[in-house]
Amino acid sequence: MGSSSLQAAIFTNEARAETLTNEITDNSMDLRLHQKHSSKEIADIHAQYAPEKERIQNEIAGLDKIEQQDEYQNLMTELKDLREEEEAAVRQIEDETKDYETIVQTENEMLEVQLEEVNTSTESFKEMLKQNIENEFGYFQ
């Protein structure tokens with residue numbers, strides 16, 4: 001491979017390495033934004049359920065648990081159902097976030113492998129170019 005071809009291959013590989021690095025960075029930033037958004041969604045879910053849970057807990061606190069046992073049991077069931085509903089909504093957001101994290105991590109791992117291959121190839125081309133130049137000018141002979 002001639003010196004000009006090697007130089008062109010080096011420039012091409014360096015551009016490809018920069019593109020791969022930018023893709024990895026973009027994916028990582030997108031993942032962080034997605035995680036922040038998910039955290040906010042989870043906080044919103046907790047905020048949505050908090051007033052109703054507090055109302056039920058206040059009603060339970062105001063009951064005579066012995067004389068109003070049926071009312072107490074109904075409120076405890078309602079509170080349990082509300083908590084389960086809240087936990088299911090949170091779990092759904094967490095599962096979606098984990099799935100997205102897995103997708104991004106897998107993609108970044110593949111990009112990192114490609115980046116490593118490009119960098120290795122670039123180093124080989126640079127070494128070949130160095131050898132061509134040495135041979136052409138007879139420096140180290």
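This text follows the structure it describes.
As the structure is a prediction and not an experimental result, all values here were calculated from the model.

Calculation notes
- Residues numbered from 1 in each chain as written.
- Predicted model: local features only at pLDDT ≥ 70, side-chain atom pairs only at ≥ 80, totals over all residues.
- Heavy atoms only, no water.
- Core = buried A, V, L, I, M, F, W, Y, C linked by side-chain atoms within 4.5 Å.
- Buried < 20%, exposed > 50% of the residue type's maximum accessible area, 1.4 Å probe, protein only.
- Helix = DSSP H or I, 4+ residues; strand = E, 2+ residues; numbered from the N terminus.
- Contact = heavy atoms within 4.5 Å.
- Expected span 1.5 Å × (residues − 1).

*Asks:* Residue-level account of the nonpolar core, with values.
*Replies:* Ranked by size, the top nonpolar core spans 12 residues in total: Ile42, Ile45, Tyr49, Ile56, Ile60, Leu63, Tyr72, Leu75, Leu79, Leu82, Val90 and Ile93. Looking at this core, the elements with two or more residues in it are helix H1 (3-61) and helix H2 (69-137). A per-element tally of this core places H2 first, with six residues. Aside from chain neighbours lying at most four places away, what touches Ile45 is Glu86, Ala89, Val90 and Ile93.

*Asks:* How would you summarise H2 if you had to cite specific residues and measurements?
*Replies:* The terminal C-alpha atoms of H2, which comprises 69 residues, lie 99 Å apart, in line with the 102 Å expected from a rise of 1.5 Å per residue. Positive backbone phi, approximately 65°, marks Gly138, located one or two places after H2.

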